[in-house]
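The residues making up each chain are set out below.
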Amino acid sequence: MAGNEWINGYLEAILDTGATTIEEHKPAQVNERGGHFNPTKYFVEEVVTGVDESDLYRTWIKVVATRNTRERSSRLENMCWRIWHLTRQKKQLESEENQRLAKRRREREQGLRDVTEDMSEDLSEGEKGDITGEMVQCETPRQRLQRNFSILEVWSDDKKEKKLYIVLISLHGLVRGENMELGRDSDTGGQVKYVVELARALAKMPGVYRVDLFTRQICSPEVDWSYGEPTEMLTAGAEDADGSDVGESSGAYIIRIPFGPRDKYLRKELLWPYIQEFVDGALAHVLNMSKVLGEQIGGARPVWPYVIHGHYADAGDTAALLSGALNVPMVLTGHSLGRNKLEQLLKQGRQSKEDINSTYKIMRRIEGEELSLDAAELVITSTKQEIEEQWGLYDGFDVKLEKVLRARAKRGVDCHCRFMPRMAVIPPGMDFSNVVIQEDAAEIEGEISAHAAGSEVLSPTVPAIWSEVMRFLTNPHKPIILALSRPDPKKNITTLVKAFGECRPLRELANLTLIMGNRDDIDEMSSGNASVLTTVLKLIDKYDLYGLVAYPKHHKQSDVPDIYRLAAKTKGVFINPALVEPFGLTLIEAAAHGLPMVATKNGGPVDIQRALNNGLLVDPHDQQGIADALLKLVSEKNLWHECRKNALKNIHLYSWPEHCRTYLTRVAACRIRHPQWQTDTPGDELFAEEISFNDSLKDVQDMSLRLSVDGEKTSLNESLDHASAASGEPEIEDQVKRVLSKIKKPESDLKDTEGEKHDIVASKYPILRRRRRLIVIALDCYDSNGFPEKKMTEIVLDILKAGRLDPQTARVTGFALSTAMPVSETLNFLKSAKIQVTEFDALICSSGSEVYYLGTYTEEDGKLFPDPDYASHIDYRWGYEGLKKTIWKLMNTPNDEEKSHSSSSPIEEDVQSSNAHCITYLIKDPKKVKKVDEIRQKLRMRGLRCHPMYCRNSTKMQTVPLLASRAQALRYLFVRWRLNVANMFVILGETGDTDYEELISGTHKTLIMKGVVTKGSDKLLRATDLSDDMFPTESPFITSISDGAKAEDIANALKQISKAAQ
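Basis of the calculations
Residues numbered from 1 in each chain as written. Predicted model: local features only at pLDDT ≥ 70, side-chain atom pairs only at ≥ 80, totals over all residues. Heavy atoms only, no water. Helix = DSSP H or I, 4+ residues; strand = E, 2+ residues; numbered from the N terminus. Contact = heavy atoms within 4.5 Å. Areas by Shrake-Rupley, 256 points an atom, 1.4 Å probe, with all protein chains shown as cover. Salt bridge = Lys/Arg side-chain N within 4 Å of Asp/Glu carboxyl O. Buried < 20%, exposed > 50% of the residue type's maximum accessible area, 1.4 Å probe, protein only. Pairing = 2+ DSSP bridges. Right-handed = clockwise from strand over helix to strand, strands pointing away. Phe/Tyr/Trp six-rings, centres within 6.5 Å; stacked < 30°, edge-to-face > 60°. Lys NZ or Arg CZ within 6 Å of the ring centre and 35° of its normal. Axes fitted to C-alpha atoms, helices over the stretch in contact; angles between N-to-C directions. Parallel < 35°, antiparallel > 145°, perpendicular 65-115°, else oblique. Left-handed = near helix turned anticlockwise from the far one by under 90°. Nonpolar A, V, L, I, M, F, W, Y, C, P; charged D, E, K, R; others polar. Expected span 1.5 Å × (residues − 1). Patch = residues over 30% accessible without salt bridge, like charges linked within 9 Å, V, L, I, M, F, W, Y side chains within 5 Å. Lys, Arg positive; Asp, Glu negative; His and termini not counted. Charge placed at Lys NZ, Arg CZ, Asp CG, Glu CD. Core = buried A, V, L, I, M, F, W, Y, C linked by side-chain atoms within 4.5 Å. Polar contact = N/O pair within 3.5 Å; in protein donor to acceptor, adjacent residues only side chain to side chain.

1. Topic: the overall build of the protein
Thought 1: Tallying secondary structure elements over the protein gives 41 helices and 25 strands in all.
Thought 2: In the protein, of all internal contacts separated by at least 6 residues, the share reaching a separation of at least 24 is 72%.
Thought 3: Per element, the accessible surface of the protein, about 45700 Å² overall, is 49% carbon and sulfur.

If you want it as structure tokens, here you go:
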């Protein structure tokens, strides 16, 4: 009961009050075993060992302070029932969580069996046996490390000629290079320090030209003005060997991208709805920078990012979308993980899953982490424990399957497009430049002796924190056992104090120093921290440790190195006795100062000890083992010196240069990719293109077909006349005359000469690249059979008309139709609606799996074919046959509750609507199909990465590549043709296909037409509604118009949203 003295007092109070008195007040209550409720017995048997008392501690303090006997008894009674209900709730939540974990374990085992079965089909019998062997094969960490690096080319100084561009992303918190406000809030902590130092260190590595650290721009009076600066230089670029500067844009920079409310600082849980805005802003910066770097170091060809590295779930989600838009590799560092946090919170039993999600947005965070795993080539962790015990909780990663796929890839055996991201343990780097190791301790010994003799004045060279520590100690000459952590129960400080207090030889040989954060008044601290500190003070009194234990109330961050130095000068030991330590940064800091260590054997210290070999590992629950380890290091001086020597010898393994060298070596082993299309496409000036004049005239003619205002035709004619006059060439003049004659033809004549029209429209480059504004119609308006509703025709015509009402913007406005229909059905719809296909610059068909340009990529007979560059762009991790087979099997496997009812398949393959990058099924029974999140979960468990969705009023299911979607297709147009997403207007209904929410948010302007789409497919998306975390409820980029709006209303709405978003 040590550490829970208030429970002892509470129990005594119940006994003093009398259990029978309480029972008389609650005669109807019975316990779960069916007997009469006895609060005292229940408390002793169930509560003392089962309830985390920290959230009841304050109530207990009030109870003790109550003098009135009746009121005190009443409060005790109420508190007893509170604990009883809390315990019942905790048990219920534990039961539900156990059921969920059991179900998940069964699903994972089934997924592994399916993978084994599928991949065994192309192997011989001997190789089939190898799969099982691969799944259970074990190897030591040292063997694995040697094997991994034996096949990798270590990054070295001969990489200088590479000149890489690296993008890091860390969204939340306050990020700046100097005077970091670490600890200001929970979002501004170790991650901020880590990413800033990583950016600086990478920029100094050979072969790295520029590093951009993307974060959020915050222009709020709540924070310093520096967080609103668009750009901040962290370090200038390195110099060449001859001392010359490598370039004006080289170095490391913080790039702040505005997204979300401009005047508010938001905690990380509130940033999720604005992720798409950040992606678009970051994409614009990368495109501009790629052009600038291309001019400086790329020979006028764009320099694309070598890698995009997301830190934490929000940046991981962002990096997945950004790397997909650019088709470059992505790396992920989780820092802390949502599933792990969810499990820990559920185990506490204080909150239900719904309450946890409401507070922490945990389900959106987990979804972001799963999406990050889908896209990541490499996941960097600090420890092996993080891989097995934390990432192992995710659908998108399985340790056994990852080993199987890696082994097959190494042997050149087909993996059937199954993929697991590669995990790499790369401990965080540290800056050791300020660490001073002084071997001569004579001066320090003199100062310590002076303090021991009673001198109150120490030398100015002696840090003030030393005096603060030594004032507690009777004999400060003795070795210091140093523990440095916050007073959290998980840090296990009380066990350390007990081990010290009960080991007489240890007390005689050493002092104990506890640096437990900063405090003014224990009563003002959180209940958990206050409880630990109170217990420590009582244990000091119990074991009479006065003069042997130091526990200063205050210290500054700058004092920490001096505290390590003091412990090292006294030939002391650093100890971390935490129950579980994810990494153990303080162990590395202590080792850098020459301190041997005693650390928990649970978690990261195992890897640190393996690398540094500078101490002993202990079971944190073994009090005697802790005392023995400390005594061994303090008493055996040879061992102490050996551990110190090893620490100083090997500490470079945790330096930033070593971290970056390992980092770049791992990244270089990834599948490096970047946009492959030709980069010599012309600029997008309206009439000054760097292509043949003949192609220009054809493009102008194509645009002229859209214009219905006579004045606009005149202006076009004038432009053509001016161009022909300037050239003075008869051949071009004849071409101009022919074009002008066609412009003057009536529209009816153009409709009748369809074959001739294709001749006119054909062009080397799509007219889209000249557009300054693009209106994207993405209305999912379908009837119960999945066909476009009749009102869709009128709405599309109104939108086309609205886009041309303003003569100033009509000339630079283009149109795109974004739909789940295949191109054949799209063209049939336009034909039946009597809408010319040439009204549109682009068609995004089959849920973003194909992009078509009118007048470009056409065959001789005028038939359209999709953009081949886009097809190769989205082909990443796409496995058509394997997905089709697996989806069919999953959709025809009933859930647990459906197994008793035999039924026919709920889906049917739709071959006509499928294409090379889209698998389409007809939905025969929407009530029997699985939701998108469940399908995705099962596919991830089998190593398959894709983008499944329901569309066309829940009548069809489509699966497209991971990097494909209607939203990502718009970003592709930005990257490919430089049509800025910020100049796009996306028109939607109030609901739509299950990819609808991806189209709402972003820097494009969204116009929602109410009453147009009455029924969508959104109910088949997720079991838990996350819409509030996917897109903002209020945004200057989003507006709506009421049902029945006409062309004028649409045009006015587009004008208003353009002004509001400026």
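Still more ground to cover, so stick around.
2. Observations concerning the pattern of salt bridges
Thought 1: Inspection of every chain in the model, using the stated rule, returns 50 salt bridges.
Thought 2: In this structure, E269 and R267 form a salt bridge, with 3.0 Å as the shortest nitrogen-oxygen distance.
Thought 3: For R267, a relative accessible area of 41% translates into the label partly exposed.
Thought 4: Overlapping salt bridges bring together R104, R339, E370 and D395 as one network.

3. Some thoughts on the pairing of strand β12 (residues 573-576)
Put simply, side chains in a regular strand alternate between the two faces of the sheet.
Thought 1: Neither face of β12 is left uncovered, since the one carrying V573 and I575 and the one carrying F574 and N576 both have all their residues buried.
Thought 2: Sheet analysis places strand β9 (residues 480-484) next to β12, joined by two bridges and oriented parallel. Opposite I481, over in β12, you have V573 as the bridge partner.
Thought 3: Of the pairings in the sheet, the one linking β12 to strand β13 (residues 597-600) comprises three bridges and is parallel in character. The partner of I575 across the bridge, within β13, is V598.
Thought 4: Note on the crossover from β12 through helix α22 (residues 585-592) to β13: the handedness is right-handed.

4. Looking at the packing of aromatic side chains
For any two aromatic rings, the description comes down to two numbers: the centre-to-centre distance and the angle of the planes.
Thought 1: Under the defined criterion, the tally for this structure stands at ten aromatic pairs.
Thought 2: Relative to Y551, the ring of F472 has its centre 4.8 Å away and its plane inclined at 50°; by these criteria the two rings are tilted. Residue F472 is found in the loop between α17 (464-470) and β9, and its partner Y551 is found in the loop between β11 (549-550) and α21 (560-569); the two are separated by 79 residues along the sequence.
Thought 3: Relative accessible area serves as the criterion here: at 17%, F472 is assigned to the buried category.
Thought 4: With relative accessibility at 17%, the residue Y551 sits in the buried group.
Thought 5: These aromatic residues form a ring-pair network of at least three members: F214, F259 and F278.
Thought 6: Lying across the ring of W977, R976 places its NZ or CZ 4.1 Å from the centre.

5. A closer look at the environment of I362
Thought 1: Among the secondary structure elements, I362 is positioned in helix α13 (residues 362-375).
Thought 2: On the basis of relative accessible area, I362 is assigned to the buried category, the value being 0%.
Thought 3: Aside from chain neighbours lying at most four places away, what touches I362 is G338, K341, L342, I356 and N357.

6. Observations concerning the packing of helix α36 (residues 880-891) against helix α37 (residues 932-941)
Thought 1: For the pair α36 and α37, the least separation of the axes is 11 Å and the interaxial angle reads 125°. Comparing their axes, α37 and α36 come out oblique. Helix-helix and strand crossings are classified by hand; for α36 and α37 the assignment is right-handed. Here L883, T886, I887, L890 and M891 of α36 come into contact with α37, specifically with I935, K938 and L939.
Thought 2: Grouping the amino acids of the contact of α36 with α37 by side-chain chemistry returns six nonpolar, one polar and one charged.

7. So, the pairing of strand β2 (residues 208-216)
Thought 1: Burial within β2 is extensive, with nine of its nine residues counted as buried.
Thought 2: Taken together, the six bridges between strand β1 (residues 164-169) and β2 define a ladder with parallel strand orientation. Bridged to V167 within β2 is D212.
Thought 3: Pairing between β2 and strand β4 (residues 251-257): seven bridges, direction parallel. Counterpart to F214 in the pairing with β4 is I255.

8. Brief notes about the sheet that holds strand β22 (residues 956-960)
Thought 1: Spatially, β19-β20-β22-β21 is the arrangement adopted by the four strands of the open sheet, whose pairing is antiparallel. Two strands close off the open sheet at either side, each with one partner strand: β19 (907-909) and β21 (947-951). Across the sheet, the mean angle separating the axes of adjacent strands is 25° when strand polarity is ignored.
Thought 2: Judged from the four bridges that link them, strand β20 (residues 919-923) and β22 form a sheet pairing that is antiparallel. In the strand pairing of β22, Y921 is matched with M957.
Thought 3: Sitting on the sheet, α37 is in contact with β21 and β22, with an inclination near 155° to β21.

9. Observations regarding α13
Thought 1: Here α13 contains 14 residues, and its C-alpha end-to-end distance of 20 Å stays within 8% of the 20 Å for a straight helix at 1.5 Å per residue.
Thought 2: Burial analysis of α13 places twelve of its 14 residues in the buried class, the great majority of the element.
Thought 3: Of the residues making up α13, those classed as buried are I362, R364, R365, I366, G368, E369, E370, L371, S372, L373, D374 and A375.

10. A look at the environment of N529
Thought 1: Within the secondary structure layout, N529 lies in helix α20 (residues 527-542).
Thought 2: Linking N529 and P487, residues 42 residues apart in sequence, is a C-alpha distance of 5.1 Å.
Thought 3: Each residue touching N529, except ones within four places of it in the same chain, is listed here: P487 and D488.

11. Here we look at the packing of helix α18 (residues 493-501) against helix α24 (residues 623-635)
Angle between the axes and distance between the axes are the two parameters that describe a pair of packed helices.
Thought 1: Contact geometry of α18 with α24 gives a least axis separation of 9 Å together with a crossing angle of 65°. Between α18 and α24 lies a crossing of right-handed hand. For the pair formed by α18 and α24, the contact residues are T495, L496, K498 and A499 on the first element and Q623, I626, A627 and L630 on the second.
Thought 2: Looking at the contact of α18 with α24, its residues break down into five nonpolar, two polar and one charged.

12. Comments concerning a negative patch on the surface
Thought 1: The grouping of D520, D521, D523 and E524 at the surface amounts to a negative patch.
Thought 2: Tracing the backbone through its elements, the reader meets D521 in the loop between β10 (511-515) and α20.

13. Overview of the sheet that holds strand β24 (residues 1005-1009)
The strands that make up a sheet pair up through hydrogen bonds in the backbone, lying either parallel or antiparallel.
Thought 1: Spatial ordering of the open sheet is given by β18-β17-β16-β15-β23-β24-β25, a layout of seven strands whose pairing is mixed. Both outer strands of the open sheet, β18 (850-853) and β25 (1038-1041), are each paired with one neighbouring strand and no more. The mean inter-strand angle of the sheet, taken between neighbouring strand axes irrespective of direction, is 20°.
Thought 2: For strand β23 (residues 984-988) and β24, the ladder comprises four bridges, and the chain directions are parallel. Residue I987 lies in a different strand from β24, and its bridge partner there is L1007.
Thought 3: Here helix α34 (residues 823-832) sits on the sheet in contact with β16 (813-818), β17 (842-845) and β18, set at roughly 125° to β17.

14. Brief notes about the nonpolar core
Thought 1: I169, F214, L322, L326, W391, Y853 and L973 are the most contacted members of the largest nonpolar core, which has 105 residues in total.
Thought 2: Take this core: its biggest share by element is ten residues, from helix α9 (residues 275-297).
Thought 3: The contacts of W391, once residues within four sequence positions are left out, are L332, G334, L337, L373, V379, T381, E386, F397 and M423.
Thought 4: F500, F574, I588 and A647 belong to the second-largest nonpolar core, a separate cluster that totals 74 residues.

15. Re the side chain of D910
Thought 1: By the secondary structure assignment, D910 is in the loop between β19 and β20.
Thought 2: On the basis of relative accessible area, D910 is assigned to the buried category, the value being 9%.
Thought 3: Side chain to side chain, D910 and S913 meet in a polar contact 2.8 Å long.
Thought 4: For D910, the side chain forms a polar contact with the side chain of K956, separated by 2.7 Å.

16. Some words on the side chain of R1022
Thought 1: Take R1022: it is sitting in the loop between β24 and α40 (1027-1030).
Thought 2: Side-chain polar atoms of R1022 contact the side chain of E367, separated by 3.0 Å.
Thought 3: At a separation of 2.5 Å, a polar atom in the side chain of R1022 contacts the side chain of E997.
Thought 4: In this structure, R1022 is in contact with E367, K931, D933, E997 and M1030, ignoring residues within four places of it in sequence.

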